Amino acid sequence: MYAQMVKTGVDHIQSKEEMSPEERAFQDRVDQDIKIEPKEWMPEAYRKTLIRQISQHAHSEIIGMQPEGNWITRAPTLERKAILLAKVQDEAGHGLYLYCAAETLGVTRDELMEQLNSGKAKYSSIFNYPTLTWADIAAIGWLVDGAAIMNQVPLQRCSYGPYSRAMVRICKEESFHQRQGYDAMTKLARGTPEQKQMAQDALNRWWWPSLMMFGPSDAESVHSAQSMRWKIKINTNDELRQKFVDQTVPQAEYLGLTVPDPDLKWNAGRGQYDFGEVNWEEFYQVISGNGPCNRQRLRTRVKAYEEGRWVRDAADAYAAKKGARAKAQAA
Amino acid sequence: MADKKEWPLWEVFIRSQHGLAHRHVGSLHAPDAEMAILNARDVYTRRNEGVSIWVVRASDISASSPSEKGPMFDPANSKVYRHPTFYEIPEELGHM
């Protein structure tokens, strides 16, 4: 998802008998759906896994501004431009909510920025694909934000208080993102034949990368099992992917667009769609740095950080000057 | 790459339009209170969430300790007579 393949550092799931009294009390609280708050005792692996997960999620929001920011100056109307600006601003806000949640676990903002800018931290594979036409912006809102919502809605119930509260805020705002995307897609699908073709092309480009967002099957993964035990992951990747396909296919049909999967077909027995295998080789290439835009994304990110330095310096200098003046007046 | 010193953390409180008290909504980093309020406007009130913002340096907040939750809050458990429902009022009196 926005956080993909998060490692927990454990090699097996402990039984309650193997746990220390503290670990057992902690797990009991999680089992009873009592939220864990920042200053309470927690297993070190829980803390570290959460830092990884929340910071990946935050980095994804920050990098996620780039593919869309690409179209702000070229949006087809002033209204679409204002909407896109608001959406990109929301993504920045979501990143900030999440960084703050991560910081309650004992990591600093500077460390998190350093991890992102040095290329050490991961972010979602989806943001390493280019936005070639305006229709890609529509497709991102509809599909990428749609997939994000699938994952974030259950995370509102996760065991860690600050993360859960950040998710509540984010989910409230995310629905606008998906709906404006579907709205823009509808305009194109009902437009000229060329516009409809643009919409279809964008669906063709974004469908499979959107399914990859959920990550490879984790039914057998010890990390996934541990995260679910800790309730920082609520559903398996396959469950969420299936749900996304079932929800999205009728939306594509409504627009008269074709989902680019020859194996896609309604399975009346299961009451769900059967669909083709995702190209996981492509996914592994993208998350290991070899997607179409990985280098460009990182370069742009570092450039923005460096070019914003004078603003931070000026704010610092102003705060120092004001502080000194206040002190002089008090003396 | 890291800046020399990290900006302090501010806790943000927002009062919504409906006359309720300021409520904690989250936190952010800023060099001073003035910038913290400006940033809080952009981060926490993009959709008319409030009509007033308070910011407090996180380091200025003192908190009760989670490990003392028992001794702090348990005493209230046994004082059921503090709730109106503890008292039975004859039905013929109507609402009280």
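Under an unreviewed UniProt entry, chain B has the name Phenylacetate-CoA oxygenase subunit PaaB and belongs to Microvirga aerophila.

Per an unreviewed UniProt entry, chain A goes by Phenylacetate-CoA oxygenase subunit PaaA and derives from Microvirga aerophila.

Undergrad: Help me out: how do you make sense of the overall build of chain B in this one?
TA: A tally of helices and strands in chain B yields two helices and three strands. Start at the N end of chain B and walk to the C end: the helices and strands fall as β-β-α-β-α. The C-alpha radius of gyration of chain B comes to 21 Å, more than 25% above the 12 Å expected for a compact globule of 96 residues. Here the C-alpha coordinates of chain B stretch approximately 70 × 35 × 15 Å along the principal axes. Taken across its 96 residues, chain B has 25% of its residues classed as buried. The long-range fraction of contacts in chain B, counting pairs at least 24 apart against all pairs at least 6 apart in sequence, stands at 42%. Carbon and sulfur atoms make up 56% of the accessible area of chain B, which totals about 7100 Å². When the 11 basic and 13 acidic side-chain charges of chain B are each reduced to a single mean position, those positions are 6 Å apart.

Undergrad: Sorry if this is basic, but what is going on with the nonpolar core here?
TA: The nonpolar side chains of a soluble globular protein tend to be buried with one another. Residues and elements named next belong to chain A. Judged by nonpolar contacts, the single largest core of 94 residues is most densely connected at Met-185 and Trp-207. With 13 residues, the single largest contributor to this core is helix 6 (residues 134–155). Met-185 has contacts with Ala-135, Ala-138, Ala-139, Trp-142, Ala-199, Ala-202, Leu-203, Leu-255 and Leu-257, leaving out every residue within four places of it along the chain.

Undergrad: Looking at this structure, how should I read the sheet that holds strand 2 (residues 23–29) of chain B?
TA: Strand pairing within a sheet occurs via backbone hydrogen bonds; the two strands may be parallel or antiparallel. Residue and element names in this part refer to chain B. Pairing in this open sheet of three strands is antiparallel, and the strands run 2-1-3 from one edge to the other. The sheet is open, and its two edges are formed by strand 2 and strand 3 (52–57), each paired on a single side. Neighbour to neighbour, the strand axes of the sheet diverge by 30° on average, direction disregarded. In the sheet, strand 1 (residues 9–15) pairs with strand 3 via six bridges, with the strands oriented antiparallel. Within strand 3, the position partnered with Val-12 by the bridge is Val-55.

Undergrad: Before we go on, may I ask you to explain the packing of helix 6 of chain A against helix 7 (residues 161–189) of chain A in this structure?
TA: For any two helices packed against each other, the geometry is given by the interaxial angle and the distance between the axes. All names here are of chain A. As a packed pair, helix 6 and helix 7 sit with axes 7 Å apart at the nearest point and diverge in direction by 150°. With respect to each other, helix 6 and helix 7 are oriented roughly antiparallel. Judged by the twist between their axes, the crossing of helix 6 over helix 7 is left-handed. Here the residues of the contact of helix 6 with helix 7 sort into 16 nonpolar, nine polar and two charged.

Undergrad: Would you explain helix 7 of chain A in this entry?
TA: Every α-helix carries 3.6 residues per turn, so stepping three or four residues along brings you back to the same face. All names here are of chain A. Between its first and last C-alpha, helix 7 extends 42 Å over 29 residues, near the 42 Å set by a 1.5 Å rise per residue. Maximal helix bending in helix 7 amounts to about 30°, located at Glu-173. Of all 29 residues in helix 7, 21 are buried; the element is thus mostly enclosed.

Undergrad: Sorry if this is basic, but what is going on with empty space enclosed by the protein here?
TA: In this approach the atoms are scanned with a rolling probe the size of a water molecule, which exposes any empty space left behind. Residues and elements named next belong to chain A. Applying the stated rule across the entire model yields two cavities of 30 Å³ or more. Looking at the largest cavity, its volume works out to about 50 Å³. Forming the boundary of the largest cavity are Tyr-2, Ser-60, Glu-61, Gly-64, Met-65, Glu-68, Lys-87, Glu-91, Phe-127, Ile-140, Val-144 and Asp-145. At the level of elements, helix 2 (44–63), helix 3 (65–69), helix 4 (78–103) and helix 6 are the ones that each hand at least two residues to the lining of the largest cavity. The biggest single contributor to the lining of the largest cavity is helix 6, with three residues. Residues of the lining of the largest cavity, tallied by class, amount to five nonpolar, two polar and five charged. Here the lining of the second largest cavity is composed, by residue class, of three nonpolar, one polar and four charged.

Definitions and cut-offs
Residues numbered from 1 in each chain as written. Chains lettered and ligands numbered in written order. Predicted model: local features only at pLDDT ≥ 70, side-chain atom pairs only at ≥ 80, totals over all residues. Heavy atoms only, no water. Helix = DSSP H or I, 4+ residues; strand = E, 2+ residues; numbered from the N terminus. Rg over C-alpha atoms; globule rule 2.2 N^0.38 Å. Buried < 20%, exposed > 50% of the residue type's maximum accessible area, 1.4 Å probe, protein only. Contact = heavy atoms within 4.5 Å. Areas by Shrake-Rupley, 256 points an atom, 1.4 Å probe, with all protein chains shown as cover. Lys, Arg positive; Asp, Glu negative; His and termini not counted. Charge placed at Lys NZ, Arg CZ, Asp CG, Glu CD. Core = buried A, V, L, I, M, F, W, Y, C linked by side-chain atoms within 4.5 Å. Pairing = 2+ DSSP bridges. Axes fitted to C-alpha atoms, helices over the stretch in contact; angles between N-to-C directions. Parallel < 35°, antiparallel > 145°, perpendicular 65-115°, else oblique. Left-handed = near helix turned anticlockwise from the far one by under 90°. Nonpolar A, V, L, I, M, F, W, Y, C, P; charged D, E, K, R; others polar. Expected span 1.5 Å × (residues − 1). Bend = angle between axes of the 7 residues up to and from the residue. 1 Å grid on protein atoms, 1.4 Å probe; cavity = no way out; pocket = protein on both sides within 12 Å on 5 of 7 lines; lining within 4 Å. Points joined across faces, edges and corners; volume = space filled by probe spheres on them.

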